[in-house]
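Structure assessment
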Amino acid sequence: MKLQRFSRSFLALGGALLPAVLAFACHTTEDPRPGVAKKGTASTADPLPPPFDAGVVPDAAGLPEGPYACGSPPVSTAPFTKAALLGATADCAAYHLCRFANAAHVLRTTVDAEAKDGTKESRALAQLAWQRAMDEWSHSALFQFGPVADKATDKYHGRSLRTLVHAWPDTSRCQVETQVVLKGYQGGFDLVFPSSRGLFALEYLLYYPGTDTACSASSQAGGAWASLVGDAQTKAKRDYAVAAAGDLVAQADTLRKVWAPDGENFKAKLLAFDGYGNEQEALNVVAWSMFYVEQEVKDLKLGSYAGFQTAPPNPETAFARVDIENIRTNVRAFRELFVGCGAAGEGLGFDDWLVASGNGALAKELLDLYTQAQAAADAFPPFYQASPQQFADLYLKIRPLANLLKTQLFGSGSPLNLKLPASAASDTD
């Protein structure tokens, strides 16, 4: 069910790029990414060649600072009210998107430097900056409400802005290579598919050392790629990396301004239930963000590797190979929604609503299951070193949390009157 979604990329662009699809069609070939074997089975092999910076350890002190003062994680000390919960969740979302905007600026600076210097050291520093940006995004990804969300997730305010930052699972290596070789991005990023921009494009460009292409030799991009060799290919990749990093900064700044008082000030809209109609519906949409651990983490990131989904594995970070780091951060961000935004869970969260409504036992059970899931994720090895049994074990440590969300926090028996999202209403696993 969840693996048969409409492409978010097409939803974001309204199909306006159909002519580009026809012109630059990508051929479906054997998946060259690490961790993906034939017939959709997980592989423990590690076929990816060593990265350009093999043996180089970047100095984190060499990373510059971002331009924004985001402060410390916001911790609400107000007594529980529904309005206070909405405000605390909004502040947490704004905080993480501010941090992501800083990380995007730092990434652009290091990508620019790498394009100019072309050394192993500059490449390693850019890779470190990418990892930090990916980690910040893995926090922000849990806050799936408002303009950052897809229209299917927040039908009131969703604008799919997230797909312009990180379109996974709808990403395409061939489409990135199409931009590299045909340079369509020079006409403006409004004409570039989400699947070929943002964090995914930069990951491929910074980490993949191969000179091959995933595009069909009979396609326009594949034909052009054959003549792009040596220094010309390296320069074309760096040129697109610089442009993609600049676009990522533009998108990150847009997301930060969604929450800024001198920007869109979405917190005020949320507190006024603007568009949502009433407070309960606003809380419903915000609470649905917690389903990220069910749909994206459990099913899309782990299900195929663990043998619980029939679709081929679709690793989130196939070239940088930090999938488990992303999952650890995703699960930790769930705690920030459920318990509170503070470093140790301080502040207001949905557990406070449960306690205030006399359902402290359910709050404790959910927190215990979160702790189990987090411990399992923290102890998990890199994906390319994990066995099918280890994947299954991790899946089964996360599934109880997801199931309790579906069966007791949401749905017809919810003590908080929280509705199930449409995407989970028919899911029984």
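For clarity, every value in this text was computed on a predicted model and none was experimentally measured.

Remarks on the overall build of the chain
- Across its full length, the chain holds 15 helices and zero strands.
- Taken across its 429 residues, the chain has 54% of its residues classed as buried.
- Here the contacts in the chain between residues at least 6 apart in sequence split such that 77% fall between residues at least 24 apart.
- Element-wise, carbon and sulfur atoms account for 54% of the exposed surface of the chain, whose accessible area totals about 17,200 Å².

Some thoughts on the packing of helix α3 (residues 82-117) against helix α8 (residues 230-259)
- Two numbers describe how α3 lies on α8: the axes approach to 8 Å, and their chain directions differ by 160°. Relative to α8, the element α3 lies roughly antiparallel. In terms of crossing hand, the pair formed by α3 and α8 is left-handed.
- Here the contact of α3 with α8 is built from residues that sort into 19 nonpolar, two polar and six charged.

Quick look at unusual backbone geometry
- The residue after W168, namely P169, is reached through a cis peptide bond having omega 15°.
- Relative to the helices and strands, P169 resides in the loop between α4 (120-140) and α5 (173-182).
- In this structure, R321 takes a positive phi of about 60° despite not being glycine.
- Mapped onto the elements, R321 comes out in the loop between α11 (292-306) and α12 (323-338).

Some points on α5
- Burial of α5 is extensive: nine of the ten residues sit out of reach of the surface.
- Looking at α5, one finds that the buried residues are R173, C174, Q175, V176, E177, T178, Q179, V180 and V181.
- Considering only its buried residues, α5 is in contact with α6 (198-207), α7 (220-226) and α8.
- Among the residues trailing α5, K183 stands out with phi positive, at a value near 60°.

Description of the pattern of salt bridges
- Taken as a whole and judged by the stated rule, the model has 18 salt bridges.
- Between E136 and R99 there is a salt bridge, and its shortest N-O distance comes to 2.8 Å. Here R99 lies in helix α3 and E136 lies in helix α4, a separation of 37 residues in the sequence.
- For R99, a relative accessible area of 33% translates into the label partly exposed.
- Measuring nitrogen to oxygen at the nearest pair gives 2.8 Å for the salt bridge that ties D239 to K235. Taken together, the residues D239 and K235, both in helix α8 and four residues apart, mark about one turn of the helix.
- A relative accessible area of 28% means that D239 is categorised as partly exposed.
- Overlapping salt bridges bring together E294, K298, D299 and K406 as one network.

Digging into the environment of K269
- Relative to the assigned elements, K269 resides in helix α9 (residues 266-271).
- Residue classification places K269 among the partly exposed positions, given a relative accessible area of 27%.
- Apart from the residues lying within four places of it in its own chain, the contact partners of K269 are E264 and D274.

Cut-offs used in this document
- Residues numbered from 1 in each chain as written.
- Predicted model: local features only at pLDDT ≥ 70, side-chain atom pairs only at ≥ 80, totals over all residues.
- Heavy atoms only, no water.
- Helix = DSSP H or I, 4+ residues; strand = E, 2+ residues; numbered from the N terminus.
- Buried < 20%, exposed > 50% of the residue type's maximum accessible area, 1.4 Å probe, protein only.
- Contact = heavy atoms within 4.5 Å.
- Areas by Shrake-Rupley, 256 points an atom, 1.4 Å probe, with all protein chains shown as cover.
- Axes fitted to C-alpha atoms, helices over the stretch in contact; angles between N-to-C directions.
- Parallel < 35°, antiparallel > 145°, perpendicular 65-115°, else oblique.
- Left-handed = near helix turned anticlockwise from the far one by under 90°.
- Nonpolar A, V, L, I, M, F, W, Y, C, P; charged D, E, K, R; others polar.
- Salt bridge = Lys/Arg side-chain N within 4 Å of Asp/Glu carboxyl O.

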